[in-house]
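# Working through the structure, step by step
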Amino acid sequence: MAASNNTNLAHQQPAIYWDSVTSTSFVGGKLHVKQLVIATSPASCQLLRHCCPAQQAAGVVMLPEQAQGPGIILPSPADKVCFMYLVNDQTGQPSQPNALNQQNGSSSIDKSVFQLTLSASAAAKQRDCSLLVFCQVPLQPDRAISWIRGLLTVVEAQHVLVLASLPAFSYRGPDDPSEEALHYVVQTAAAKQQSKDKHQIPSLPSGSLITGLAAAAIQHAEVRRQGATALIGVEARPAPDLASLTQLAQYTEQVLKTHGSAFMQGDSLLKAAKHAEKTMSSAATNSFMYV
Amino acid sequence: MLVIDPQIAFVNDSHVGLQPGVTSANVGQLAIDLIISTLHLPCVGQLETSCLLPCAGIGAFDHLSQRVSLSLELFECPVAQGPPVFVLQQRAPAARGCQRKYAEELARWISEAVFAEVVLIASLDANLRQDRQIAGQQINYVSSGSAAAVCQELGWEQLEGGLMAALGQQQSLLPPWTLIEAFQHRSITYTCVLAFAAEGNNAPDAMRVADAVNQYLHLLIQQQPQPNGKHHASKGVMSLPPPWLAPLSWKYVYGPASSRGFY
């Protein structure tokens, strides 16, 4: 009985809720975006949060077994759900798909034509958007595949980017993670073909394996010949230093640029890295104070 | 459900499957790595199932250095004489509570692909050996079909009925017993090659098992000795006695070399 319960749970997909604005933008039952960026490590969550300070969540991904509070009022890094934000692919500003409704709404237009036009235009507008997913809750490895499948059932992206981490003890390679910041990529064959220019990020050394959500995303995309990239940071200390966060920011910018997105760039990157480093080091210090 | 890309059409029903069981010391997976690396087998398909934990890496082998490696991959081994052999490499264990379901999914796929025989490589904990088994041949077998005679000729010992029953009961939810049960349920002809091994540096155990599988399936043509007497090995990768070539992924298994500056 316990085994079959575990089997059922492992295959259960997450519940995904969208806000009323975003849900009207679906085309063919899916949200079409240019990039789907999933931040799975604390460093990447903090970095993206400071880079793209979108305030209004477009949706939330929730696993059935995760405990819920009395009610979600405002998204918080402490919540045990994964919030999603839509951002303009070029500016990084919050995206407003409902603006299109307001521009084209008219009672004199035949509704069926209106809906068709709205859908086609909505699709065109969505392709200028990127969806950021903050997976701030540690996910059990055996839930990763169903989590990714659940998300990719309702979101269609031209490219998927997962920002993840690899513990130093799992790293097998020529470099020393305690001496320098190390970030590597794992790309599907389709992602390599899609990217317009080549980035300079080294590939994960042979012998190292990624697991969890990043691996599930790569696996899902590779088997279906879709484009996906995992950007992996090797974690050698409890809180990453500024050099590591800056490298993560720069590499994320490079990967996004090679796939035509520009919402992370310029001076904002360094500022975001500094803010993230300050947030994470104070959190690490506080936790040690109460041991 | 098992998803495979691309959909492979198995032309006839005489092909043989070779796969590892994920057991202690991982000898089956290591032996499969040696076979793929030495024979430069092409990857003909990648499989996905929600029953296995996901994992991904790059460049597991010299001849596939740019390719993404996943939890479950299928390679083809062209054999000069005899039926073609398809080699399945499994890199990740089953998820919690999914051992039996994974075994059933795999058995269903093998049954639909109409494999003539499946050779399963696994390892048993060396502590299970009896006194007389500590020295000598460490390869045992369990077989369903007429392969028993061939195994006996190769000098393998059949796993004792008592030990097999005890393990089948104590470890009924662990491979290779879940796979054997699933194969029996679908009447799939199988031969399970079992090696006693302790956790540690299991490269020698993997070579021993790869040698045994080679004797059984005749995968390798005898390597011609090099003029200087040395066997070709990938530069910097673990050096193994011929004919086996260690895959690229074994290069840093014990970490990078110590900095010379220490000395």
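As the structure is a computational prediction, the values presented were derived from the model and not from experiment. (Residues numbered from 1 in each chain as written. Chains lettered and ligands numbered in written order. Predicted model: local features only at pLDDT ≥ 70, side-chain atom pairs only at ≥ 80, totals over all residues. Heavy atoms only, no water.)

## Quick notes on the overall build of chain B
- A count of helical and extended segments in chain B gives 6 helices and 11 strands.
- Nonlocal contacts in chain B, meaning residues at least 24 apart in sequence, comprise 73% of its contacts between residues at least 6 apart.
- Only carbon and sulfur atoms are counted for the fraction: they give 52% of the accessible area of chain B, which is about 11,900 Å². (Helix = DSSP H or I, 4+ residues; strand = E, 2+ residues; numbered from the N terminus. Contact = heavy atoms within 4.5 Å. Areas by Shrake-Rupley, 256 points an atom, 1.4 Å probe, with all protein chains shown as cover.)

## With respect to the confidence of the model for chain B
- Taken as a whole, chain B shows an average pLDDT of 84; of its residues, 86% reach a score of 70 or greater.
- Every residue in residues 222-236 of chain B is under pLDDT 50, and counting partners more than four places away or in other chains gives 11 contacts. (pLDDT = per-residue confidence, 0-100.)

## Section: the sheet that holds strand β7 (residues 183-187) of chain A
All names here are of chain A.
- Strand order in the open sheet formed by 8 strands is β1-β3-β4-β5-β2-β6-β9-β7, and the pairing between neighbours is mixed. Each edge of the sheet is formed by a strand with only one pairing partner; in this case those strands are β1 (15-18) and β7. Put simply, the sheet's adjacent strands are angled 20 degrees from each other on average, direction ignored.
- Both strand β2 (residues 31-39) and strand β5 (residues 129-134) contribute to a ladder of 5 bridges, which runs parallel. Note that in β5 the partner of I38 across the bridge is V133.
- In the packing of helix α8 (residues 212-223) onto the sheet, contacts are made with β2, β6 (155-167), β7 and β9 (228-235), and the angle to β9 comes to roughly 155 degrees. (Pairing = 2+ DSSP bridges. Axes fitted to C-alpha atoms, helices over the stretch in contact; angles between N-to-C directions.)

## Regarding the pairing of β7(A)
Residues and elements named next belong to chain A.
- Within β7, 5 of the 5 residues are buried, which leaves it mostly tucked inside the rest of the structure.
- The side-chain alternation of β7 yields two buried faces, one formed by H183, V185 and Q187 and the other by Y184 and V186.
- Bridge analysis of β7 against β9 gives 5 bridges, and the strand direction is antiparallel. In the strand pairing of β9, Q187 is matched with T229. (Buried < 20%, exposed > 50% of the residue type's maximum accessible area, 1.4 Å probe, protein only.)

## Looking at the pattern of salt bridges
Residues and elements named next belong to chain B.
- By the definition in use, this model includes 10 salt bridges over all chains.
- D33 is the salt-bridge partner of R91, the closest N and O atoms lying 3.5 Å from each other. Within this pair, whereas R91 is found in the loop between β7 (85-90) and α2 (99-112), its partner D33 is found in helix α1 (residues 27-39), the two being separated by 58 residues in sequence.
- D33 sits in the buried class, given a relative accessible area of 6%.
- R100 serves as the salt-bridge partner of E181, at 3.6 Å between the closest nitrogen and oxygen. Residue E181 is located in helix α5 (residues 177-185), and its partner R100 is located in helix α2; the two are separated by 81 residues in the primary sequence. (Salt bridge = Lys/Arg side-chain N within 4 Å of Asp/Glu carboxyl O.)

## Notes on α5(B)
- The set of residues buried in α5(B) consists of B:W177, B:T178, B:L179, B:I180, B:A182 and B:F183.
- B:S187 sits one or two positions beyond α5(B) and adopts a positive phi of about 55 degrees.

## So, unusual backbone geometry
- Here the bond from B:P175 into B:P176 is cis, since omega is 5 degrees, no more than 30 degrees from zero.
- Relative to the helices and strands, B:P176 is located in the loop between α4 (161-170) and α5.
- A positive phi is found at A:R225, a non-glycine position, where the angle reads about 60 degrees.
- In this fold, A:R225 is placed in the loop between α8 and β9.
- Residue classification places A:R225 among the exposed residues on the basis of a relative accessible area of 55%.
- Non-glycine residue B:V114 carries a positive phi angle of around 55 degrees.

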